[in-house]
Amino acid sequence: MAADATVPEVVPAGTAPGSGGKASRDASRVEGWSIAWMLLALALWGLFAFLMLADYGPEVTSYQGSRSLCRGPLVEPWPQERVCRSEELRQWPSLLGILALAVLATITAAATTVYAKVLTRLAHSEGSGVKPQG
């Protein structure tokens with residue numbers, strides 16, 4: 001072989017120069033999604049708490065003042081008044097559906113948060129040239 005002939009260096013996939021920037025961009029993108037999922041989960045939990053606890057229905061006046069005729073489903077699970085049973089979002093099947101959506105959004109928010117943290121740590125370890133142990 002001649003002295004001026006060079007052998008190309010083999011670089012493993014994912015360790016090419018500049019891949020730390022891509023990993024960092026991916027980490028920040030996933031972190032944005034995790035924040036969005038977290039906000040959605042908080043909104044769903046807030047809606048669920050409001051529907052479970054807040055009084056609703058027509059106002060009734062008495063000598064003690066005025067109050068809503070219907071109590072929240074957590075306070076009064078099976079209302080006696082017919083007008084209280086006509087509110088669709090205050091019925092148990094709807095409330096359980098909202099609860100299921102809130103739980104799914106919470107699990108997705110937690111998973112994307114953990115994934116974003118892992119990607120951030122991998123991006124920092126690739127950028128510094130330190131190989132992760134494991």
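Residues numbered from 1 in each chain as written. Predicted model: local features only at pLDDT ≥ 70, side-chain atom pairs only at ≥ 80, totals over all residues. Heavy atoms only, no water.

**A word on the pattern of salt bridges**
1) Next: According to the stated counting rule, one finds three salt bridges in the structure shown.
2) Next: One salt bridge connects Arg71 with Asp55, and the closest N-O pair in it is separated by 3.8 Å. Here Arg71, found in the loop between strand 2 (65-70) and helix 2 (82-85), pairs with Asp55, found in the loop between helix 1 (19-53) and strand 1 (56-62); they are 16 residues apart in sequence, far enough to count as distant. (Salt bridge = Lys/Arg side-chain N within 4 Å of Asp/Glu carboxyl O. Helix = DSSP H or I, 4+ residues; strand = E, 2+ residues; numbered from the N terminus.)

**A few points about the nonpolar core**
1) Next: The biggest cluster of nonpolar side chains holds five residues, and these are Phe48, Leu51, Met52, Leu95 and Ile98.
2) Next: When residues of this core are traced back to their parent elements, those giving at least two are helix 1 and helix 3 (92-128).
3) Next: Per-element tally for this core: the top contributor is helix 1, with three residues. (Core = buried A, V, L, I, M, F, W, Y, C linked by side-chain atoms within 4.5 Å. Buried < 20%, exposed > 50% of the residue type's maximum accessible area, 1.4 Å probe, protein only.)

**Brief notes about the side chain of Ser34**
1) Next: You can see Ser34 is positioned in helix 1.
2) Next: The residues contacting Ser34, other than those within four sequence positions of it, are Ala109, Thr112 and Thr113. (Contact = heavy atoms within 4.5 Å.)

**Thoughts on the packing of aromatic side chains**
1) Next: What the rule picks out here adds up to one aromatic pair.
2) Next: Seen in terms of ring centroids, Trp45 and Phe48 are 6.2 Å apart; in terms of plane orientation they differ by 85 degrees. Their pairing is edge-to-face. With Trp45 and Phe48 both in helix 1 and three residues apart, the pair spans about one turn of that helix.
3) Next: A relative accessible area of 15% means that Phe48 is categorised as buried. (Phe/Tyr/Trp six-rings, centres within 6.5 Å; stacked < 30°, edge-to-face > 60°.)

Any functional reading would require information beyond the geometric quantities listed.
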